[in-house]
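As a plain string of letters, each chain reads:
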Amino acid sequence: MRRCMRTDIINYAPDSNWENAALRVLRSGGVVGVPTETVYGLAGDATNATSVSAIYAVKGRPSHNPLIVHAADQTMAERYAAFSPLAHRLADAFWPGPLTLVLPLAENTPLAPAVTAGGNSLAVRCPTGPLNALASALGNPLAAPSANRSGHVSSTTAQHVIDDLDGLIPLIIDGGPTAHGLESSIVDVRGDIPVLLRPGAIEHDAIERVIGGPLSMKDDVRTMPVAPGLLASHYAPSVPVRLNVLPDDVRPGEAYLGFGKHALPGHVNLSANGDLKEAAAKLYATLR
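Residues numbered from 1 in each chain as written. Predicted model: local features only at pLDDT ≥ 70, side-chain atom pairs only at ≥ 80, totals over all residues. Heavy atoms only, no water.

S.K.: An account of the sheet that holds strand S5 (residues 99-104) is needed here, citing residue identities and associated values.
M.R.: Strand order in this open sheet of 11 strands is S1-S8-S2-S3-S7-S4-S6-S5-S9-S10-S11, and the pairing throughout is mixed. For this open sheet the edge positions go to strand S1 (8-11) and strand S11 (216-217), each flanked by a neighbour on one side alone. Pairing of S1 with strand S8 (residues 171-174), which is carried by 4 bridges, proceeds in the parallel orientation. Opposite Ile9, over in S8, you have Ile172 as the bridge partner. Where helix H2 (residues 49-59) meets the sheet, its contacts fall on strand S3 (41-45) and strand S7 (142-143), and the angle it forms with S3 comes to roughly 155 degrees. (Pairing = 2+ DSSP bridges. Helix = DSSP H or I, 4+ residues; strand = E, 2+ residues; numbered from the N terminus. Contact = heavy atoms within 4.5 Å. Axes fitted to C-alpha atoms, helices over the stretch in contact; angles between N-to-C directions.)

S.K.: Summarise the packing of helix H4 (residues 85-94) against helix H7 (residues 204-211); cite the residues concerned and give the values.
M.R.: Closest axis-to-axis distance for the H4/H7 pair is 10 Å, and the angle between their directions is 130 degrees. Relative to H7, the element H4 lies oblique. Judged by the sense of rotation from one axis to the other, the crossing of H4 with H7 is right-handed. Within the contact between the two elements, H4 uses Leu86, Arg89, Leu90, Ala93 and Phe94 and H7 uses Ala206, Ile207, Val210 and Ile211. Here the contact of H4 with H7 is built from residues that sort into 8 nonpolar, no polar and 1 charged. (Parallel < 35°, antiparallel > 145°, perpendicular 65-115°, else oblique. Left-handed = near helix turned anticlockwise from the far one by under 90°. Nonpolar A, V, L, I, M, F, W, Y, C, P; charged D, E, K, R; others polar.)

S.K.: Report on the pairing of strand S9 (residues 185-188), specifying residues and quantitative values.
M.R.: Where burial is concerned, the two faces of S9 agree: the one with Ser185 and Val187 and the one with Ile186 and Asp188 are both buried. Sheet topology note: the S5/S9 ladder contains 4 bridges and is parallel. For Thr100, the partnering residue across the bridge sits in S9 and is Ile186. As defined by bridge partners, S9 adjoins strand S10 (residues 195-198) across 3 bridges and the pair is classed as antiparallel. Bridged to Val187 within S10 is Leu196. Connecting S9 to the antiparallel partner S10 that follows it, the hairpin turn spans 6 residues. (Buried < 20%, exposed > 50% of the residue type's maximum accessible area, 1.4 Å probe, protein only.)

S.K.: Break down the pattern of salt bridges for me, with residues and values.
M.R.: Throughout the structure, instances matching the rule amount to 5 salt bridges. Across the pair Arg125 and Glu37 runs a salt bridge whose closest N-O atoms are separated by 3.0 Å. You can see Arg125 sitting in strand S6 (residues 121-125) and its partner Glu37 sitting in the loop between strand S2 (32-34) and S3, a full 88 residues away along the chain. Here Arg125 and Glu37 have matching classes, each one buried. Residue Arg288 pairs with Asp164 through a salt bridge whose shortest N-O separation is 3.4 Å. Of this pair, Arg288 sits in the segment after helix H8 (276-287) while Asp164 sits in helix H6 (residues 158-165); the two residues are 124 residues apart in sequence, bridging distant segments of the chain. Note on Asp164: relative accessible area 8%, which makes it buried. (Salt bridge = Lys/Arg side-chain N within 4 Å of Asp/Glu carboxyl O.)

Following this line, the structure appears as structure tokens:
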């Protein structure tokens, strides 16, 4: 997609008029870069086919890769997805927050068909912060994948969004670095046993405590994904990456991302204290 527009940046602050500026774009069928508690999202009205089409075009996203819908609350989410008692329990425990639920698509939903990539299920969550405020003010849920070119490392600052999408979108809301730095956890609750499709910002154990039993793990690569993050290549840096490397095994010309006691002078340590949450918040920015 050609870069052919001016991209404005507005701070997420009470006196910045950010919400009115964002709503003008959304109501006209445009898309906006918005900070969430997880990563920056590329938000568009999920009921507007023009807006959803713009999301796919700006990202260069494959048309078979569905989008997560972000609702202001459970009441809004229930217009678009069929909730089971277990789904309600998980939503009560973690919403608003970084948990996405995969549910059966509600009948006669006004969602743009491209949101679900033509499928009969919906990935939905209720976020915190500006994305929640925009969905509430708009009166419609927002489709909002990560605000970066498809396949690239997700954006955790407004500058990351600019690096990828400057000139492709009209507006970015700058809310500073995101809190979690990882995408939402995705749980498929369409069957009797919940399945963790994508590990994310919520710990595995916390989800199991709410469901009162084991959480099954996805162990296959789906040809038709029901949620984002399930393609063979996703969130990928532009250079090769080796995993589980110790400091003594670092090769010339490599950058080492250490953790805790596994550190290398002159290289990055994601968390000197071995704090997984701190490391997660810094991971994408460091990869970039």
